[in-house]
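Listed below are the residues making up each chain.
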Amino acid sequence: MYRLLSAVTARAAAPRGLASSCGRRGVHQRAGLPPLGHGWVGGLGLGLGLALGVKLAGGLRGAAPAQSPAAPDPEASPLAEPPQAQSLAPWSPQTPAPPRSRCFARAIESSRDLLHRIKDEVGAPGIVVGVSVDGKEVWSEGLGYADVENRVPCKPETVMRIASISKSLTMVALAKLWEAGKLDLDIPVQHYVPEFPEKEYEGEKVSVTTRLLISHLSGIRHYEKDIKKVKEEKAYKALKMMKETVAFEQEKEGKSNEKNDFTKFKTEQENEAKCRNSKPGKKKNDFEQGELYLREKFENSIESLRLFKNDPLFFKPGSQFLYSTFGYTLLAAIVERASGYKYLDYMQKIFQDLDMLTTVQEENEPVIYNRARFYVYNKKKRLVNTPYVDNSYKWAGGGFLSTVGDLLKFGNAMLYGYQVGLFKNSNENLLPGYLKPETMVMMWTPVPNTEMSWDKEGKYAMAWGVVEKKQTYGSCRKQRHYASHTGGAVGASSVLLVLPEELDTETINNKVPPRGIIVSIICNMQSVGLNSTALKIALEFDKDRSD
């Protein structure tokens, strides 16, 4: 406006030769009146400028977008504003949400509040969340700091340790090799990796297979080396679970006063007391185990085997569940031998296929843009940086870095493969999934004798924890089917959860996969349980989606 007024004023004040003497000023002078001063000229310029501005504003308000002059809209308001051009700047919490996100405004607000509460409760420096609905990312946001020292805020592009979600990534490599006929899941692992010695359990020769390794049924140890402590803990948990089952059955059947039930309950109490007396007073958790903080660089998966290959099996393969990251180190060696490529090279090809361009193995030397720092609280409850660790011994089981966006892509690729078989009859133009439907069904089918530590309602499947659909009573709690994996590393926690839409043959018309909610959360603080939070967020978005 300032420039407009200046231009009008200058034009009014400029001499125009003969033409200027014919104007109002010339007439004024010919009449013998005193000459007009510069103030009059300025006033004239201001008046013309204001008039021109009003006319331009009116013209803008009356403008209609690409419409025929012969067919004006009788409903159009003269004060209606024209549609605003979309900003090219990346979305942030301070800018207006994209149109699709507005559909989930209530779910976003509720989920953001929940994450703030969780972050404050555990004292996490930073946390990042991403949500996709039916294959489209609708919300991603960072809370807190990726780097406390330099006050670098978390954002959707922040890169963090994803810990044991790496196991689900490794499963894709194994599945692709199995589909190609290059890997047999049920023959002894020595067929592919002869460097791993044959095993015995209590004097009996036993076989460790790829399938058992995937579902943590091989008997290979985790970070705890004391077999006695592990066995005592497993026995204690089994008795406790049995007691809870008996109590539930008694309550359900209303037979708690019967003599047989009382005798059984008393016997189990005695067994539990014996187990408690024999149980060690102190048991180290994973973050107190020395092997979690290894600094040694391993050149390949075969070399990493020396950490555990000569240790005895803790259980007979197939008999009991024992979560083992070292089992996935052996699986990485199997991938190398079955594919003919180095494990990391093979995984990078998969990441490229899945468009996961920010997912890489964690190494200290490379410059990795947007990488967060990782934190823990010391004995004085002060926030400190975690010690340096080298995860080269467990790439396959917990050694990758990623973003919430990449994890959403991965989750959607898995969900698409899981559902595409249902849609094929109604839509023959659909592209195939990265993994075949039968492969995904196999991967997401709970395996007997397994446990899902982050949700007791579920079982471990093949590198995923799976909770099946269940409803015991009418108009009561309904358990949804979902698949997830959590992660815990030095200074980091994570979760990836897939909540498929409940589909049947009558509801798939005019729909294309993937159908469902994906939630990924990463955090730069260890020992933060995130699965229940991810499930709550998924259900919030599913509610808005249904509405």
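To keep things clear, this report deals only with the structure shown in the data block. As the structure is a computational prediction, the values presented were derived from the model and not from experiment. (Residues numbered from 1 in each chain as written. Predicted model: local features only at pLDDT ≥ 70, side-chain atom pairs only at ≥ 80, totals over all residues. Heavy atoms only, no water.)

## A word on the overall build of the protein
Now for step 1: A tally of helices and strands in the protein yields 17 helices and 15 strands.
Now for step 2: Split into buried and exposed, the 547 residues of the protein put 46% on the buried side. (Helix = DSSP H or I, 4+ residues; strand = E, 2+ residues; numbered from the N terminus. Buried < 20%, exposed > 50% of the residue type's maximum accessible area, 1.4 Å probe, protein only.)

## Overview of the packing of aromatic side chains
Now for step 1: Across all of its chains, the model carries 15 aromatic pairs by this definition.
Now for step 2: Grouped by ring-pair contacts, the aromatic residues Phe 196, Tyr 223, Phe 308, Phe 326 and Tyr 393 constitute a single cluster.
Now for step 3: In this structure, Lys 176 is placed above the aromatic ring of Tyr 434, and the distance from its NZ or CZ to the ring centre is 4.2 Å. (Phe/Tyr/Trp six-rings, centres within 6.5 Å; stacked < 30°, edge-to-face > 60°. Lys NZ or Arg CZ within 6 Å of the ring centre and 35° of its normal.)

## Description of helix 12 (residues 325–339)
Now for step 1: With 15 residues, helix 12 should cover 21 Å at 1.5 Å per step; its first-to-last C-alpha distance of 21 Å lies within 8% of that length.
Now for step 2: Where burial is concerned, most of helix 12 is hidden: 14 out of the 15 residues are buried.
Now for step 3: Where helix 12 starts, the residue carrying a side-chain oxygen 3.4 Å from the main-chain nitrogen of Phe 326 turns out to be Ser 324.
Now for step 4: Trailing helix 12 by a residue or two, Gly 340 shows a phi angle of about 85°, which is positive. (Expected span 1.5 Å × (residues − 1). Polar contact = N/O pair within 3.5 Å; in protein donor to acceptor, adjacent residues only side chain to side chain.)

## Observations concerning the environment of Leu 169
Now for step 1: Looking at the element boundaries, Leu 169 is found in helix 7 (residues 165–179).
Now for step 2: Between the alpha carbons of Leu 169 and Phe 351 there is a distance of 8.9 Å; along the sequence they are 182 residues apart.

## Considerations on the sheet that holds strand 10 (residues 400–402)
Now for step 1: Spatially, the 3 strands line up as an open sheet ordered 4-10-7, and their pairing is antiparallel. The open sheet has two edge strands with one neighbour each: strand 4 (160–161) and strand 7 (360–361).
Now for step 2: Pairing of strand 4 with strand 10, which is carried by 2 bridges, proceeds in the antiparallel orientation. Its bridge partner lying in strand 10, Met 160 is registered against Ser 402. (Pairing = 2+ DSSP bridges.)

## Some thoughts on helix 13 (residues 343–353)
Now for step 1: Taken together, the buried positions of helix 13 are Tyr 343, Leu 344, Tyr 346, Met 347, Ile 350 and Phe 351. Angularly, the buried residues of helix 13 cover 160° about the axis, an arc narrow enough to put them on a single face.
Now for step 2: Elements in contact with the buried residues of helix 13: helix 7, helix 11 (301–304), helix 12, strand 7, helix 14 (395–398) and strand 10. (Arc of directions from axis to C-beta. Contact = heavy atoms within 4.5 Å.)

## A short note on the pattern of salt bridges
Now for step 1: Scanning the entire structure with this criterion turns up 27 salt bridges.
Now for step 2: A salt bridge links Glu 362 to Arg 161, with the shortest nitrogen-to-oxygen separation between them at 2.8 Å. Residue Glu 362 is found in the loop between strand 7 and strand 8 (375–377), and its partner Arg 161 is found in strand 4; the two are separated by 201 residues along the sequence.
Now for step 3: Classification of Glu 362 as buried rests on a relative accessible area of 10%.
Now for step 4: Classification of Arg 161 as buried rests on a relative accessible area of 7%.
Now for step 5: By sharing partners, the salt bridges in this structure join Asp 134, Lys 469, Lys 478, Arg 480, Glu 501, Glu 502, Lys 511, Arg 515, Asp 542 and Arg 545 into a single network. (Salt bridge = Lys/Arg side-chain N within 4 Å of Asp/Glu carboxyl O.)

## Overview of the environment of Val 172
Now for step 1: By secondary structure assignment, the location of Val 172 is in helix 7.
Now for step 2: Along the primary structure Val 172 and Thr 439 are separated by 267 residues, whereas in three dimensions their C-alpha atoms are 9.8 Å apart.
Now for step 3: Setting aside anything within four residues of it in sequence, one finds Val 172 in contact with Ile 350, Phe 410, Met 414, Tyr 434 and Leu 435.

## What to know about unusual backbone geometry
Now for step 1: In this structure, the amide linkage connecting Pro 513 to the following residue, Pro 514, adopts the cis form with an omega of 0°.
Now for step 2: Following the sequence through the fold, Pro 514 ends up in the loop between strand 14 (492–500) and strand 15 (516–523).
Now for step 3: One non-glycine residue, His 216, lies in positive phi territory at about 60°.
Now for step 4: By the secondary structure assignment, His 216 is in the loop between helix 8 (210–214) and helix 9 (227–253).
Now for step 5: You will see that Ala 463, though not glycine, has its phi angle at about 70°, which is positive.

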